[in-house]
Amino acid sequence: MYIPVLVVGAAVGRADVPALADRLGALLHDGGAGLVVCDVAAITEPDVGTLHVLTRLQLVASRLGARMMLRGAHGRLRGLVTLTGLDEVLPVVD
């Protein structure tokens with residue numbers, strides 16, 4: 001089973017949402033997958049803007065009938081996701 005991977009760079013902000021959403025949409029349309037992995041290993045200094053981007057991408061995936069999981073999340077990002085209660089919306093896999 002093919003699982004597409006969307007790689008997110010270290011510094012992402014609100015301005016990056018349209019381009020990332022387009023890439024995500026292309027991955028999901030090309031593969032027809034019900035799951036996409038979002039590689040966030042490059043994000044070492046997450047903030048609220050980072051969470052905004054990731055939740056927007058999750059929303060795009062959901063609207064396209066897919067689930068999105070985060071892969072490679074560093075401790076700070078994992079902690080921020082948990083602290084904000086978004087761990088069910090943005091599940092992290094190892």
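These numbers come from a predicted model, not from an experiment. (Residues numbered from 1 in each chain as written. Predicted model: local features only at pLDDT ≥ 70, side-chain atom pairs only at ≥ 80, totals over all residues. Heavy atoms only, no water.)

**Student:** Just checking my understanding: could you explain the packing of helix α2 (residues 48–63) against helix α3 (residues 75–83) for this structure?
**Tutor:** Each pair of packed helices can be described by the angle between their axes along with the distance between the axes. Look at α2 against α3: their axes get within 11 Å of each other, and the N-to-C directions meet at 75 degrees. On the basis of their axis angle, the class for α2 and α3 is roughly perpendicular. Side by side, α2 and α3 meet where T50, L51 and L54 of the first sit next to L77, L80 and V81 of the second. (Axes fitted to C-alpha atoms, helices over the stretch in contact; angles between N-to-C directions. Helix = DSSP H or I, 4+ residues; strand = E, 2+ residues; numbered from the N terminus. Parallel < 35°, antiparallel > 145°, perpendicular 65-115°, else oblique. Contact = heavy atoms within 4.5 Å.)

**Student:** Explain the environment of G79 to me, please; I cannot follow it from the model alone.
**Tutor:** Within the fold, G79 resides in helix α3. Taking relative accessible area as the criterion, G79 reaches 35% and is therefore assigned partly exposed. (Buried < 20%, exposed > 50% of the residue type's maximum accessible area, 1.4 Å probe, protein only.)

**Student:** Can you walk me through the side chain of Q58 in this structure?
**Tutor:** Of note, Q58 is situated in helix α2. For Q58, the side chain forms a polar contact with the main-chain nitrogen of M68, separated by 3.4 Å. Among residues more than four places away in sequence, those in contact with Q58 are R67, M68, V89 and L90. (Polar contact = N/O pair within 3.5 Å; in protein donor to acceptor, adjacent residues only side chain to side chain.)

**Student:** Could you clarify how one ought to interpret the side chain of D39 in this entry?
**Tutor:** Considering the arrangement of structural elements, one finds D39 in strand β2 (residues 35–39). Only 3.0 Å separates the side chain of D39 from the backbone nitrogen of A41, close enough to count as a polar contact. Here D39 is in contact with V5, L6, V7, V8 and R71, once residues within four sequence places are set aside.

**Student:** Sorry, what's going on with α2 here?
**Tutor:** What sets the pattern is the α-helix's 3.6 residues per turn: residues three or four places apart point alike. Look at α2: 22 Å from first C-alpha to last across 16 residues, which is about the 22 Å you get at 1.5 Å a residue. Among the residues making up α2, those that are buried are T50, L51, V53, L54, L57, Q58 and A61. Projected down its long axis, α2 shows its buried positions confined to an angular sector of 160 degrees, all on one face. Turned more than 90 degrees from where α2 packs its buried face, V48 and R63 sit exposed. (Expected span 1.5 Å × (residues − 1). Arc of directions from axis to C-beta.)

**Student:** Which parts of the structure should I look at to understand the pattern of salt bridges?
**Tutor:** Close approach of charged atoms allows side chains of opposite charge to pair. Counting across every chain of the model gives 2 salt bridges. In this structure, R76 and E45 form a salt bridge, with 2.7 Å as the shortest nitrogen-oxygen distance. Placement of R76 in helix α3 and of E45 in the loop between β2 and α2 is noted, with a sequence separation of 31 residues between them. Assessed through its relative accessible area of 54%, E45 is described here as exposed. (Salt bridge = Lys/Arg side-chain N within 4 Å of Asp/Glu carboxyl O.)

**Student:** Even after reading the chapter, I still don't get the pairing of β2, so can you show me in this structure?
**Tutor:** Among the 5 residues in β2, 5 count as buried, and that is most of the element. By the alternation rule, side chains of β2 split into L35, V37 and D39 and V36 and C38, which are all buried. As judged from the 3 bridges shared by strand β1 (residues 5–7) and β2, these two strands associate in the parallel manner. Considered in β2, the bridge of L6 is made with C38. (Pairing = 2+ DSSP bridges.)

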